[in-house]
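The primary structure of each chain is shown beneath.
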Amino acid sequence: QVQLVESGGGLVQSGGSLRLSCEASGFTFSNYDMTWYRQAPGKERELVASITSTGGFTNYATSVKGRFTISRDNTKNTVYLRMNSLKPEDTAVYYCNARWDELRTRHDFWGQGIQVTVSS
């Protein structure tokens, strides 16, 4: 059974930090690129940060570059999102996504989401 379980969210003051974790099970984690998305109320889901299967390449949304860091530990089947200097506009539900394009088949899994609220 495939599972992506996010943790580490919550309420934090502006300028504070949080670290989100997403623990995977039920599939070969090291094959998958991992991405954090977020969705704020009334807005579309947006990409926050991504990391390739080996961790060799990362990508960030302009709005979080320099403040957020994505990393992964393939021995623990876990991807992390370290969020520093949080702003009220970072308030959203954060989702973990796993994706592997195997030849002509796309494998795509989502976590249930976790709330991050940044107070001003």
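### Brief notes about the state of the cysteines
1) Next: Counted according to the given criterion, the structure contains one disulfide.
2) Next: Note on cysteine connectivity: C22 is disulfide-linked to C96, with sulfurs 2.1 Å apart. Around the S-S axis, the bridge from C22 to C96 shows a dihedral of about -80° and counts as left-handed. Residue C22 is found in strand 3 (residues 18-25), and its partner C96 is found in strand 9 (residues 92-102); the two are separated by 74 residues along the sequence. Considered together, C22 and C96 belong to a single accessibility category, that of buried residues.

### Describing the sheet that holds strand 3
Remark on secondary structure: sheet strands pair via backbone hydrogen bonds, oriented parallel or antiparallel.
1) Next: Pairing within the open sheet is antiparallel, and its four strands lie in the order 1-3-8-7. Edge strands, defined here as strands with exactly one partner in the open sheet, are strand 1 (3-7) and strand 7 (68-73). Looking at each pair of strands side by side, their axes are set apart by 15° on average, direction ignored.
2) Next: As defined by bridge partners, strand 3 adjoins strand 8 (residues 78-83) across six bridges and the pair is classed as antiparallel. Within strand 8, the residue paired with R19 across the bridge is R82.

### Regarding the packing of aromatic side chains
1) Next: In this structure the tally under the stated criterion is five aromatic pairs.
2) Next: For the ring pair Y37 and W110, a centre distance of 5.0 Å and an interplane angle of 45° mean the geometry is tilted. Of this pair, Y37 sits in strand 4 (residues 33-39) while W110 sits in strand 10 (residues 105-110), and the two are 73 residues apart along the sequence.
3) Next: Accessibility expressed as a relative area gives 15% for Y37, which makes it buried.
4) Next: In textbook terms, an aromatic cluster arises when at least three aromatic residues are bridged by ring pairs, as seen for F27, Y32, W100 and F109.
5) Next: The ring centre of Y95 lies 3.8 Å from the NZ or CZ of R45, which sits over that ring.
6) Next: Note that R72 overlies the ring of F29, its terminal NZ or CZ placed 4.4 Å from the centroid.

### With respect to the environment of R106
1) Next: Among the structural elements, R106 can be located in strand 10.
2) Next: Residue classification places R106 among the partly exposed positions, given a relative accessible area of 49%.
3) Next: Separated by 51 residues in sequence, R106 and G55 place their C-alpha atoms 20 Å apart.
4) Next: At 2.7 Å, the side chain of R106 forms a polar contact with the side chain of D101.

About the cut-offs
Residues numbered from 1 in each chain as written. Predicted model: local features only at pLDDT ≥ 70, side-chain atom pairs only at ≥ 80, totals over all residues. Heavy atoms only, no water. Disulfide = S-S within 2.5 Å. Helix = DSSP H or I, 4+ residues; strand = E, 2+ residues; numbered from the N terminus. Buried < 20%, exposed > 50% of the residue type's maximum accessible area, 1.4 Å probe, protein only. Pairing = 2+ DSSP bridges. Axes fitted to C-alpha atoms, helices over the stretch in contact; angles between N-to-C directions. Phe/Tyr/Trp six-rings, centres within 6.5 Å; stacked < 30°, edge-to-face > 60°. Lys NZ or Arg CZ within 6 Å of the ring centre and 35° of its normal. Polar contact = N/O pair within 3.5 Å; in protein donor to acceptor, adjacent residues only side chain to side chain.

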